[in-house]
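# Chains, contacts and geometry: an overview
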Amino acid sequence: MAAPPGEKSLALLDRFVTALKARGVVTEEEIAEQIARTDQASPEIGARMVARAWTDPAYRALLLSDGTAAAEQMGVSMAGAPPLGVLEDTERLHHLVVCTLCSCYPRMVLGYPPHWYKSAAYRARAVRDPRGVLAEWGTTLPDNIELRVVDSTADYRWMVLPVRPRGTEAWDEARLASLVTRDALVGVALPAA
């Protein structure tokens, strides 16, 4: 986690926000609403989206065609956020999400990015040696599974729709969501029953 902001940074932010409010660009209420939305975001939202997609074919189709609309259908405001894309893993294809330039991350549905996601080591190695990175997480994919690394950017954020674990056919959405971790939602881990 980053160090807390310093006194100079906080003073600069205060002047910036004051100027935005004075020009009518943003109101105090809008700022408070955005802070509340950000604070409520967590990986459980993404997990519930995945669980619903595993049980509801219509929602799955929406999630894969328009992740932003799918998030909004689950009650998540995506106002001001970049579009959300969802990458479908299959028995033959696995996705790994990385932001090679910084730490672009779908915060509204996954919460704050973990420290390792923002690290230069993860960002470089995920592109250069994705199977090696996955192995360090305990995720070993058979050689016949294509591994595709996808770059999250400031213009478009990504999350993964993992393969539903076998033996979970009779499970309800809540139980399925409990299998889906933040790490599975970016592709470094697999959900396991």
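Details of the structure are given in the entry above.
Below or above, wherever it landed, is the structure these notes cover. (Residues numbered from 1 in each chain as written. Predicted model: local features only at pLDDT ≥ 70, side-chain atom pairs only at ≥ 80, totals over all residues. Heavy atoms only, no water.)

### What to know about the pattern of salt bridges
In this structure the tally under the stated criterion is eight salt bridges. Residue Arg-166 pairs with Glu-91 through a salt bridge whose shortest N-O separation is 3.8 Å. Separated by 75 residues along the polypeptide, Arg-166 in the loop between strand S4 (157–161) and helix H10 (173–177) and Glu-91 in the loop between strand S1 (84–88) and strand S2 (93–98) bring together distant segments of the chain. By the burial criterion, Arg-166 is exposed, and Glu-91 matches it. With its nearest N and O atoms 3.0 Å apart, the salt bridge here joins Asp-183 to Arg-182. Looking at Arg-182, the relative accessible area reads 26%, which means it is partly exposed. (Salt bridge = Lys/Arg side-chain N within 4 Å of Asp/Glu carboxyl O. Helix = DSSP H or I, 4+ residues; strand = E, 2+ residues; numbered from the N terminus. Buried < 20%, exposed > 50% of the residue type's maximum accessible area, 1.4 Å probe, protein only.)

### Thoughts on the packing of aromatic side chains
Any two aromatic rings considered together are summarised by their centre-to-centre distance and by the angle between their planes. Counted according to the given criterion, the structure contains six aromatic pairs. Arranged with centres 6.1 Å apart and planes meeting at 70 degrees, the rings of Trp-116 and Tyr-117 form a pair that is edge-to-face. Across this residue pair, the class does not change: Trp-116 and Tyr-117 are buried. When the centroid spacing of 4.8 Å and the interplanar angle of 50 degrees are considered together, the rings of Tyr-156 and Trp-158 count as tilted. The lysine or arginine in question, Arg-175, covers the ring of Trp-171, its NZ or CZ lying 3.8 Å from the ring centre. (Phe/Tyr/Trp six-rings, centres within 6.5 Å; stacked < 30°, edge-to-face > 60°. Lys NZ or Arg CZ within 6 Å of the ring centre and 35° of its normal.)

### Focus: the packing of helix H3 (residues 43–55) against helix H4 (residues 57–65)
Remark: H3 packs on H4, axes separated minimally by 6 Å, with the N-to-C direction vectors making an angle of 125 degrees. Judged on the interaxial angle alone, H4 and H3 are oblique. In this structure, H3 crosses over H4, and the sense of that crossing is left-handed. Contact residues: Met-49, Arg-52, Ala-53, Trp-54 and Thr-55 in H3; Pro-57, Tyr-59, Arg-60 and Leu-63 in H4. (Axes fitted to C-alpha atoms, helices over the stretch in contact; angles between N-to-C directions. Parallel < 35°, antiparallel > 145°, perpendicular 65-115°, else oblique. Left-handed = near helix turned anticlockwise from the far one by under 90°. Contact = heavy atoms within 4.5 Å.)

### Details of the nonpolar core
By size, the foremost hydrophobic cluster in this structure holds 47 residues, and its most contacted members are Met-49, Leu-63, Val-109, Tyr-117, Tyr-122, Met-159 and Val-186. Broken down by element, the residue count for this core peaks at seven residues, all from H3. Aside from chain neighbours lying at most four places away, what touches Val-109 is Ser-42, Pro-43, Ile-45, Gly-46, Met-49, Ala-71, Val-76, Met-78, Leu-84 and Met-159. (Core = buried A, V, L, I, M, F, W, Y, C linked by side-chain atoms within 4.5 Å.)

### Some details on helix H1 (residues 7–22)
In a regular helix each residue adds 1.5 Å, so 16 residues correspond to 22 Å; H1 covers 22 Å between its end C-alpha atoms and thus fits that length. Two residues or fewer past H1, Gly-24 is found with a positive phi of approximately 75 degrees. (Expected span 1.5 Å × (residues − 1).)

### Quick word on the side chain of Thr-139
Structurally, Thr-139 is set in the loop between helix H9 (130–136) and strand S3 (146–151). Given the relative accessible area of 7%, Thr-139 is considered buried. Within the local environment of Thr-139, its side chain forms a polar contact with the backbone oxygen of Val-188, the two atoms lying 2.7 Å apart. Residues within four places of Thr-139 in sequence aside, it is in contact with Leu-134, Val-188, Ala-189 and Leu-190. (Polar contact = N/O pair within 3.5 Å; in protein donor to acceptor, adjacent residues only side chain to side chain.)

### Looking at the environment of Met-159
Structurally, the position occupied by Met-159 is in strand S4. Assessed through its relative accessible area of 0%, Met-159 is described here as buried. Spatially, the C-alpha atom of Met-159 lies 8.4 Å from that of Tyr-105, the residues being 54 residues apart in sequence. Sequence-distant contacts of Met-159, defined by excluding residues within four places in its chain, comprise Gly-46, Met-49, Val-50, Leu-84, Gly-85, Val-86, Leu-87, Pro-106, Val-109, Leu-110 and Leu-185.

### Description of the side chain of Asp-89
Tracing the chain through its elements places Asp-89 in the loop between S1 and S2. Of the side chains with opposite charge, Arg-148 lies nearest to the buried Asp-89, which makes no salt bridge, at 8.6 Å. For Asp-89, the side chain forms a polar contact with the main-chain nitrogen of His-95, separated by 2.8 Å. Among all residues touching Asp-89, those that are not within four sequence positions of it are His-94, His-95, Val-160, Leu-161, Pro-162 and Val-163. (Lys, Arg positive; Asp, Glu negative; His and termini not counted.)

Distances and angles like these do not, on their own, reveal function.
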